[in-house]
Amino acid sequence: MKPYFGSNKPKVILKKGKAKPFWFHHPWIFSGAIQEIKGNTQNGDLVDVFEDSGKFIGKGFINQKSQIAVRLLTWDIHEKIDPEFFHRKIAEAIRLRENVLAMSSVSSAYRLIHSEADGLPGLTVDRYNDLLCVQFLSIGMDQRRDLIVDVLRQEAHAATIVEKYSPGVRQREGLEEIEYRVYGPEPPEKIVITEYGLQFEVSLRKGQKTGFYLDQRENRRKLSRYGHQKRILDGFCYSGGFGIYLATKSKVTEVVFMDSSAPALELAQANWKLNQLEGTKSAFIKADIFEKLVEMKEANERFDLIILDPPKVAPDTASLKSGLESLEKINRLGIQILNPGGILVSCDCSGLISWDVFLKTLNKAALDSNRGIKIFDCSSAGPDHPVNPACPENAYLKVVMSEIS
Ligand code: SAH
């Protein structure tokens, strides 16, 4: 019997044997899995996706400029992808943060919409006090920006919405580069957020990511009690979150902040003052950590607790091998300047690196340094970054706390 592919709407037919991940609701269809695109489609259009046998799989946005050719939004043939769909998904995401997680009792800044995990692939929204920072990271979302901004205004009661990106992230989707754009009154250059009672300056215009590393909130808090009488290196510190939590909650002997970016260190220094920590010994070092840790080792400098929170080392499959090499190297260097019995906090934020591979990398770094490693805590991003179990790439953050003997 000839396969039946439904109406004459544009449709995507998968290659034989490629449909399995989508039965389990994985939302990304890579271009290599596609056999044929029927009908006229523009990038950003909604398409229906079928198995080669004609069985319906789902509906999603097509983008032939991206490695991810279709991002699925629904697996229900009857569900309409209309303004009501976006209203419903956005309202559900906000309800989780506000009604279930009570995020505002913990922090004035948190992730409100987390892309695939909230059923909105390519859309992330962060709240900073009464401002929102939005990123349209798929062409389908980008083309519906006016609708989404409108819904966010209504549902999240935000007067101002800022759109902001790290360089290059939109390019991967074939989208025009945008650095910064404001919907509503221009917000102040700097705002101050409160997280677990600590204060942090955030520049929505100039900051990294959307302004602050919201995903590390629970890990900063968890680590903060392990700093007693310790000399600490906050490596890749950005605005100083880890070191500031440690110095506030533990009686530390010194915190050394290190980052290659001068504005990041200025921000860390401003935050140190903002939390009245001037009485605690500190240093702010602008350096490439890969080089500086070698120097420190040779100069016999040692620490009791080291945090290594590098930027994404493997943004795509082509960079996976070199990314893992960097991860291993930085952890090896860290281990070598830790006193015996010291704590190593190793982070990785590459969705393409699994827990299994990350743990193997840490094991190798310890073995090569002839040191023992006992992991006492493994965690990921906070609850405002939920995970869609169908899409493990979404659970990108891995944080391992270990004792190095
Ligand atoms: N731990 C931080 C987030 C770190 S983001 C927090 O909780 O807020 C990664 C940081 O690494 C960025 O600030 C970036 O400027 C810095 N960085 C990137 N490459 C670096 C290098 N080779 N040496 C030192 N810092 C680097």
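Thresholds, definitions, all that
Residues numbered from 1 in each chain as written. Predicted model: local features only at pLDDT ≥ 70, side-chain atom pairs only at ≥ 80, totals over all residues. Heavy atoms only, no water. Near = heavy atom within 4 Å. Polar contact = N/O pair within 3.5 Å; in protein donor to acceptor, adjacent residues only side chain to side chain. Nonpolar A, V, L, I, M, F, W, Y, C, P; charged D, E, K, R; others polar. Helix = DSSP H or I, 4+ residues; strand = E, 2+ residues; numbered from the N terminus. Contact = heavy atoms within 4.5 Å. Buried < 20%, exposed > 50% of the residue type's maximum accessible area, 1.4 Å probe, protein only. 1 Å grid on protein atoms, 1.4 Å probe; cavity = no way out; pocket = protein on both sides within 12 Å on 5 of 7 lines; lining within 4 Å. Points joined across faces, edges and corners; volume = space filled by probe spheres on them. Pairing = 2+ DSSP bridges. Axes fitted to C-alpha atoms, helices over the stretch in contact; angles between N-to-C directions. Parallel < 35°, antiparallel > 145°, perpendicular 65-115°, else oblique. Left-handed = near helix turned anticlockwise from the far one by under 90°. Phe/Tyr/Trp six-rings, centres within 6.5 Å; stacked < 30°, edge-to-face > 60°. Lys NZ or Arg CZ within 6 Å of the ring centre and 35° of its normal.

Undergrad: I'd like a description of the site of the ligand, backed by residues and values.
TA: By nearness alone, 16 residues border the ligand, and Q208, D259, S260, I289 and D309 come closest of all. Here Q208 contributes a side-chain N or O atom positioned 2.9 Å from an oxygen atom of the ligand. Here an oxygen atom of the ligand and a side-chain polar atom of D259 are 2.6 Å apart. Among the residues forming the shell around the ligand, the class breakdown is 9 nonpolar, 3 polar and 4 charged.

Undergrad: If you had to explain the side chain of S319 to someone new, which residues and values would you point to?
TA: Its location among the elements puts S319 in the loop between β17 (303–308) and α9 (320–336). Every residue in contact with S319, bar those within four places of it in the chain, is listed here: V313 and A314.

Undergrad: Pulling in residues and values, what's your account of unusual backbone geometry?
TA: You will see that K209, though not glycine, has its phi angle at about 50°, which is positive. As for its placement among the helices and strands, K209 is situated in the loop between β13 (198–202) and α5 (217–223). Residue N370 is not a glycine yet carries a positive backbone phi of 60°. Mapped onto the secondary structure, N370 falls in the loop between α10 (355–368) and β19 (373–379). Given a relative accessible area of 72%, N370 falls into the exposed group.

Undergrad: Residue-level account of the layout of surface pockets, with values.
TA: The computed volume of the second largest pocket comes to approximately 300 Å³. Considering the residues around the second largest pocket, the lining is formed by 14 residues, among which S203, K206, P263, A264 and L267 are closest to the centre. The element best represented in the lining of the second largest pocket is helix α7 (residues 262–274), accounting for 5 residues. Its residues placed into classes, the lining of the second largest pocket shows 5 nonpolar, 4 polar and 5 charged.

Undergrad: So, the sheet that holds strand β20 (residues 398–404): which residues are in play, and what are the values?
TA: With mixed pairing, 7 strands are arranged side by side in an open sheet as β16-β15-β14-β17-β18-β20-β19. At either end of the open sheet lies a strand with only one pairing partner, and these are β16 (282–286) and β19. Taken pair by pair, the neighbouring strands of this sheet meet at an average axis angle of 15°, ignoring direction. With 4 bridges joining them, strand β14 (residues 231–235) and β17 adopt parallel strand pairing. Residue pairing for β17: L233 is matched across the bridge by I306.

Undergrad: Mind laying out the side chain of R145, listing which residues take part and the relevant values?
TA: In this structure, R145 sits in helix α4 (residues 145–156). Among the polar contacts made by the side chain of R145, one reaches the side chain of D142 at a distance of 2.4 Å. If we ignore the near neighbours within four places in the chain, the residues touching R145 are F136, E163, R170, I178, R181 and Y183.

Undergrad: Give a description of the sheet that holds strand β10 (residues 160–164) that names residues and reports values.
TA: Sheet architecture is open: 5 strands sit in the order β7-β8-β9-β10-β11, paired in mixed fashion. Every interior strand has two partners, whereas the edge strands, β7 (109–114) and β11 (180–183), have only one. In this sheet, neighbouring strand axes are inclined to one another by 20° on average, regardless of whether the strands run parallel or antiparallel. Sheet strands touched by helix α2 (residues 83–100): β7 and β8 (123–128). Its angle to β7, the strand with the most contacts, is close to 145°. Across the sheet, α4 lies against β7, β8, β9 (131–136), β10 and β11, angled at about 155° from β9, the strand it touches most.

Undergrad: How would you sum up the packing of α9 against α10? Please name residues and give values.
TA: Interhelical geometry of α9 versus α10 gives an angle of 45° and a closest axis separation of 8 Å. In terms of orientation, α9 and α10 fall into the oblique class. Judged by the twist between their axes, the crossing of α9 over α10 is right-handed. Residues L324, L327, E328, N331, R332 and I335 of α9 pack against V357, F358, T361, L362, K364, A365, A366 and D368 of α10. Grouping the constituent residues of the contact of α9 with α10 by class yields 8 nonpolar, 2 polar and 4 charged.

Undergrad: Before we move on, can you summarise the packing of aromatic side chains with the specific residues and values?
TA: Under the counting rule described, the total for this entry stands at 10 aromatic pairs. Judged by centre distance (5.4 Å) and plane angle (80°), the rings of F257 and W272 are edge-to-face. Of this pair, F257 sits in strand β15 (residues 254–259) while W272 sits in helix α7, and the two are 15 residues apart along the sequence. Both residues of the pair, F257 and W272, count as buried. Between W272 and F284, the aromatic rings sit 6.4 Å apart at their centres with planes inclined by 80°, giving edge-to-face as the arrangement. Placement of W272 in helix α7 and of F284 in strand β16 is noted, with a sequence separation of 12 residues between them. A relative accessible area of 3% means that W272 is categorised as buried. Of the aromatic side chains, those joined through ring pairs into one cluster are F200, F212 and Y245. Taking the ring centre of Y196 as reference, the NZ or CZ of R221 above it sits at 4.3 Å.

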